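# Residue-level structure breakdown
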There are 2 protein chains.
Amino acid sequence: MFPKGFFAKGVAAGIKKVKGKKDLALFYSETPCTTVGMFTSNIVKAAPVLLSLKHLKARPDNIRAVIANAGCANACTGKKGIDDAGFCAETLAGMLGIQKQNVLVASTGVIGQFLPVYKILAGLEKLHFDVLKGKSDEVSAADAIMTTDTIRKVSTAAFVVDGKKINVWGCTKGAGMIHPSLVPSNKLHATMLAFILTDAGIERGALDSALKEGVEDSFNCVSVDGDTSTNDTVVVLANGLAGNKKIVNGSAGYRKFCEVLSEVCLDLAKMMARDGEGATKLVEVVVRNAKSKSDAKKIASTIATSPLFKTAIFGNDANWGRVLAAAGRAGVNFNPEKTSVFIGNILVEKNGMAVDFSEAIAKKALTKKEVKVTLDLNAGKQESRYYTCDLTFDYIKINASYRS
Amino acid sequence: MFPKGFFAKGVAAGIKKVKGKKDLALFYSETPCTTVGMFTSNIVKAAPVLLSLKHLKARPDNIRAVIANAGCANACTGKKGIDDAGFCAETLAGMLGIQKQNVLVASTGVIGQFLPVYKILAGLEKLHFDVLKGKSDEVSAADAIMTTDTIRKVSTAAFVVDGKKINVWGCTKGAGMIHPSLVPSNKLHATMLAFILTDAGIERGALDSALKEGVEDSFNCVSVDGDTSTNDTVVVLANGLAGNKKIVNGSAGYRKFCEVLSEVCLDLAKMMARDGEGATKLVEVVVRNAKSKSDAKKIASTIATSPLFKTAIFGNDANWGRVLAAAGRAGVNFNPEKTSVFIGNILVEKNGMAVDFSEAIAKKALTKKEVKVTLDLNAGKQESRYYTCDLTFDYIKINASYRS
């Protein structure tokens, strides 16, 4: 169920070039939300990221709305960019009878172009009337943030704590310039946009640590092209309308909340990889039996971003040498002669050397919609799972002329 | 002129799948060579790299020959791989009346397959007869090391020191899995193969530091796909037959030698980028006015390996936002609002924001065979130049089925 007290809707405001395409979303809560966010670590941060950071710092327990648009990233737009984003927030706040600082903003699209402010204001006016009429339509909101995405990305979950049913709903967008490196708002860092709404009552510190935990193995473990965006944003708004006793760190309710939030984050992150620009399949890179989790993640990330690995996967080619070659340049010390590589469940390399395997069976595993490649380091007990997609002709097609 | 006392030739030994294609080269010197090398920093090092390191350490002033083959990388082949490479070196040494340790080996091609030793021995026998007959043909040697390369890569230079003419000749191969990160043989590190021959008389320490200097701004500043190979090797053999007084560190002759060697290295490195798999153009990324050279290089390398940047260049799209976005994730602190971006000589971004520029003129600069993109950080005085190519449909085509 969509969380209590929330409104979400998307409209076509004319920001995208294609007429009639939804490109402006509003997420709104009847009551103040405890809100936490994680943002891109890119040094070049878009205006909406900078503004949202400021508002989150000022009103962490009193966020009421998030405006998100596609079609224009409002990045590399200087002071005017921040003023534009602020003007949108302020105007919406005026319509809703809240304050500018109660509003977060997020943008995705072309870099270096100014926001079409008046189109956005006209769109917000429509959305504001829908809020008044209670005409929520979360599916349209998820659609409005899409750019080169080909599928809508929504994930929901629910659980019971304290005898109360708690609902979690999240949506995300992202197919290209995807290699989030999200850091908490007090540190900064990721263009994927994800908005997660919950009616849980939860303390801010608990929400914050739950998000960090959730992001680490999901959004921060997904890459389409290795390019970390200027606009990446994940925010969770919790309005407490489920009526549960506030969830605090360390409680059983907290553990449950973490699990559910992590599930939603992972579900959304995998959708991004599966729908990566030009992708024909979802690829899961597992590095296991590493000395440390950070070792495992560095290697998994290097394999998952290797163009040679990704084109081999596109070609259904069990070219395990590219797995080892990528692992070897990850900056982690390991003994290649103790490794094994599996494609699906098929062992293709052992002790750093080829093993006899059926190319036909390997090809069969590679032609599936979901391909798992495992590198076993045989050096410890830690593992990391990284999600990516194949690198295809369509990736080139999409990106050789994105601006035009 | 080809350096005195050297022999170089390539033959078809049947290692490559295509019958009759040259795939085995021999470089040989009549007299002992002072030899230095730099090798891949990949943790997964091919057998020929490991063996050459050993031989270089044992006989740094007495290398006589280098065997290089294409079609099989002899990487991930365990102890058998090292034995195979050693057997080839030993057999050649026997034919030439030298010792196994006087011979270096280098391989490029598919990972995880054993060397076809008997084909190589038959090829070496032919080459050995050519040595005896003095039938050197350096062009065929440069051809024999090519894999997905479409053009032969040779560079020559000469200068006079001490009244003696000194000749430098180099060849290289490399179009894919190109992101060398070469380190001196005493540290280890990079599949590009480059062989540089000179008849200069030069002390080993001087040759060593000249190579390090030369590689830093050439082979270590070139990337086709960001993938550092298991086999990268650069070796310089100096046999002293020019008859000059030995060049020592710090002398005027040394400076001259460094300049010439650096030129040859840069010339060869640029050929690799221009001939990168699927490339339609050579792209030079200049990061200037950085605080430090290392800052400049980190940023230039990140831009040069960004798939989004490289596809935009393929599409002749002046998408400078991707330049800034890539720079921002390089792990270097800088102020985006002080930057400028140029495409060719056209200013397209200033102070972190778009400037008005003619898209037509920018497109014209982008459709050239050599494209220069400059990011000015306005933060210091250091610069770095990085060489890459565009990312195209043909890159995918070549790499989606390399093994088969």
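Here the residue numbers are simple positions, counted from 1 along each chain's written sequence. Working convention: letters from A go to chains and numbers from 1 go to ligands, in the order in which they are written. Only residues with pLDDT of 70 or above have their local features reported here, since the model is predicted, and side-chain atom pairs are shown and tallied only from 80 upward, although totals for entire chains, interfaces and linings are computed over all residues. The basis for every side-chain value is the complete set of heavy atoms in the structure, and neither hydrogens nor water enter the calculation.

On to the overall build of chain A, then. Looking only at helices and strands, chain A has eleven helices and 15 strands in total. The globule rule is 2.2 Å times the number of residues to the power 0.38, and the radius of gyration it is compared with is taken over C-alpha atoms. On C-alpha atoms alone, chain A measures out to a radius of gyration of 22 Å, which is about the 22 Å that the 2.2 N^0.38 rule sets for 404 residues. Overall, chain A is about 70 × 50 × 35 Å in size when its C-alpha atoms are taken along their principal axes. Exposure was quantified through the Shrake-Rupley algorithm and a 1.4 Å probe, taking into account, for residues, occlusion by the shown protein chains and nothing else. Within the structure as shown, chain A displays about 14300 Å² of accessible surface, and the carbon and sulfur contribution to it stands at 51%. In chain A, 53 positive and 39 negative side-chain charges are present, and the distance between their average locations comes to 2 Å. Strands are runs of DSSP state E lasting at least two residues, helices are runs of H or I lasting at least four, and both sets are numbered from the N terminus onward. Positive residues here are Lys and Arg, negative ones are Asp and Glu, while His and the chain termini are left out of the count. For this purpose, a charge sits on NZ of Lys, CZ of Arg, CG of Asp or CD of Glu.

Turning to the packing of helix α7 (residues 293–304) of chain A against helix α9 (residues 320–328) of chain A, a few remarks are in order. All names here are of chain A. Note on geometry: axes are lines fitted to C-alpha atoms, helical ones only across the stretch in contact, with angles between N-to-C directions running from 0 to 180 degrees. Packing of α7 against α9 brings their axes to within 8 Å, and their N-to-C directions diverge by 125°. Looking at the two axes, α7 sits oblique to α9. Relative to α9, the crossing made by α7 is right-handed. Across the interface between the two elements, Ile299, Thr302 and Ile303 from α7 touch Val323, Ala326 and Ala327 from α9. Among the residues making up the contact of α7 with α9, the classes are represented as five nonpolar, one polar and no charged. Roughly parallel means an angle under 35 degrees; roughly antiparallel means over 145; roughly perpendicular covers 65 to 115; every other angle is labelled oblique. Crossings are sorted by hand: turned counterclockwise from the far helix by less than a right angle, the near helix makes the crossing left-handed, and turned clockwise it makes it right-handed. Between two residues, a contact is recorded if the distance between any of their heavy atoms is within 4.5 Å. Three categories are distinguished: nonpolar for Ala, Val, Leu, Ile, Met, Phe, Trp, Tyr, Cys and Pro, charged for Asp, Glu, Lys and Arg, and polar for the others, with Gly belonging to the last.

This paragraph deals with the confidence of the model for chain A. Detailed reading of the predicted coordinates is not advisable wherever pLDDT is low. All names here are of chain A. Each residue carries a pLDDT value, the predictor's own confidence for that position, ranging from 0 to 100. On average, residues of chain A score 92 in pLDDT, and 97% of them are at 70 or above. Long-range and interchain partners of residues 186–190, a stretch whose pLDDT sits below 50, account for 27 contacts in this model, where long-range means more than four residues apart. We note a pTM of 0.85 for the whole complex and an ipTM of 0.83 for its interfaces.

To continue, consider the side chain of B:Lys310. Residue and element names in this part refer to chain B. Looking at where Lys310 falls in the secondary structure, it is placed in helix α8 (residues 307–314). One buried charged side chain, Lys310, makes no salt bridge at all; its nearest oppositely charged neighbour is Asp225, positioned 7.4 Å away. Definition of a polar contact: a pair of N or O atoms within 3.5 Å, with one able to donate and the other able to accept a hydrogen when the atoms are protein atoms, and with sequence-neighbouring residues admitted only if both atoms are side-chain atoms. Polar contacts involving the side chain of Lys310 include one to the main-chain carbonyl oxygen of Val224, which spans 2.8 Å. Excluding anything up to four places from it in sequence, Lys310 contacts Ser223, Val224, Ala304, Thr305, Thr388, Cys389, Asp390 and Leu391. Using a 1.4 Å probe on the protein chains alone, a residue whose accessible area is under 20% of its type maximum counts as buried, one over 50% counts as exposed, and one in between counts as partly exposed. Here, a salt bridge means any Lys or Arg side-chain nitrogen found within 4 Å of an Asp or Glu carboxyl oxygen.

Okay, the relation of the copies chain A and chain B next. The fit set for superposing copies consists of C-alpha atoms from residues with pLDDT of at least 70 in both; the fit itself is least squares. For the match of chain A to chain B, the screw axis carries a shift of 0.0 Å, the RMSD comes to 0.0 Å, and the turn is 180°. In symmetry terms, the pair is related by a two-fold rotation axis. In terms of proximity to the rotation axis, the leading residue of chain A is A:Phe393, whose C-alpha is 2.7 Å off the axis. A symmetric contact is evident, with 100% of the interface residues of chain A recurring at the interface of chain B.

At A:Cys76, a residue that is not glycine, the phi angle is positive and equals roughly 60°. Following the sequence through the fold, A:Cys76 ends up in the loop between β3 (63–72) and α2 (78–96). Phi is positive for B:Asn316, which is not a glycine, with a value near 55°. Positionally, B:Asn316 belongs in the loop between α8 and α9 (320–328).

Moving on to the interface of chain A and chain B. Opposite the 55 residues of chain A that make contact, chain B presents 55 residues. Both sides together, the interface formed by chain A and chain B hides about 4400 Å², and carbon and sulfur atoms give 63% of it. Across the pair A:Arg329 and B:Asp227 runs a salt bridge, and its minimum N-O distance is 2.4 Å. Applying the counting rule to chain A against chain B returns 14 residue pairs in polar contact (both at pLDDT 80 or more). With seven residues, the single largest contributor to the side of chain A that touches chain B is α9(A). Partitioned by chemical class, the residues of the side of chain A that touches chain B number 26 nonpolar, 19 polar and ten charged. When two components associate, each loses some accessible surface as probed by a 1.4 Å sphere; the sum of these losses over both components is called the buried area.

All names here are of chain B. Should DSSP find at least two bridges between two strands, the strands are regarded as paired. Read across the sheet, six strands follow the order β13-β12-β11-β14-β10-β15 without closing on themselves; strand pairing throughout is mixed. Strand pairing shows two members of the sheet lacking a second neighbour, β13 (353–354) and β15 (382–389), which therefore form its edges. In terms of strand pairing, strand β12 (residues 346–350) meets β13 through two bridges, oriented antiparallel. Bridging across to β13, Lys350 finds its partner in Met353.

Moving on: the sheet that holds strand β15 (residues 382–389) of chain A. Reading across the sheet, the six strands line up as β13-β12-β11-β14-β10-β15 (chain A) and stay open at both edges, with mixed pairing between neighbours. Each edge of the open sheet carries a strand with a single partner, namely β13 (353–354) and β15 of chain A.

Residues and elements named next belong to chain A. Note on aromatic pairs: the rings of Phe, Tyr and Trp (six-membered ring only in Trp) are paired at centre separations within 6.5 Å, and the planes decide the class, stacked below 30 degrees, edge-to-face beyond 60, tilted for the rest. All chains considered together, the criterion is met by eleven aromatic pairs over all chains. A connected cluster of aromatic rings, assembled from ring pairs, spans Phe2, Phe27, Trp169 and Phe195. Any Lys NZ or Arg CZ found within 6 Å of a ring centre and within 35 degrees of that ring's normal is scored as a charge over the ring. Over the ring of Phe114 we find Lys80; its NZ or CZ atom is 5.1 Å from the centre of that ring.

On to the environment of B:Ile82. Residues and elements named next belong to chain B. As for its placement among the helices and strands, Ile82 is situated in helix α2 (residues 78–96). Taking relative accessible area as the criterion, Ile82 reaches 29% and is therefore assigned partly exposed. Distance from Ile82 to Gly10, taken between C-alpha atoms, is 23 Å for residues 72 residues apart in sequence. Dropping the residues within four chain positions of it, Ile82 is found in contact with Ala47, Leu50 and Leu51.

Another aspect to go through is the packing of α2(A) against helix α3 (residues 117–133) of chain A. All names here are of chain A. At a minimum axis separation of 10 Å, α2 and α3 run at an interaxial angle of 25°. On the basis of their axis angle, the class for α2 and α3 is roughly parallel. As α2 packs across α3, the resulting crossing turns out to be right-handed. The residues of α3 that touch α2, namely those facing Asp84, Phe87, Cys88, Thr91, Leu92, Met95 and Leu96, are Val117, Tyr118, Ile120, Leu121, Leu124, Glu125, His128 and Val131. By residue class, the composition of the contact of α2 with α3 is eleven nonpolar, two polar and two charged.

A word on the state of the cysteines. Residue and element names in this part refer to chain B. In what follows, a disulfide is any cysteine sulfur pair within 2.5 Å. All told, the structure shown has zero disulfides over all chains when counted by the stated rule. Cys88 forms no disulfide, and the closest cysteine sulfur to it belongs to Cys72, at a distance of 9.9 Å. Of the residues examined, Cys88 reaches a relative accessible area of 3% and is grouped as buried.

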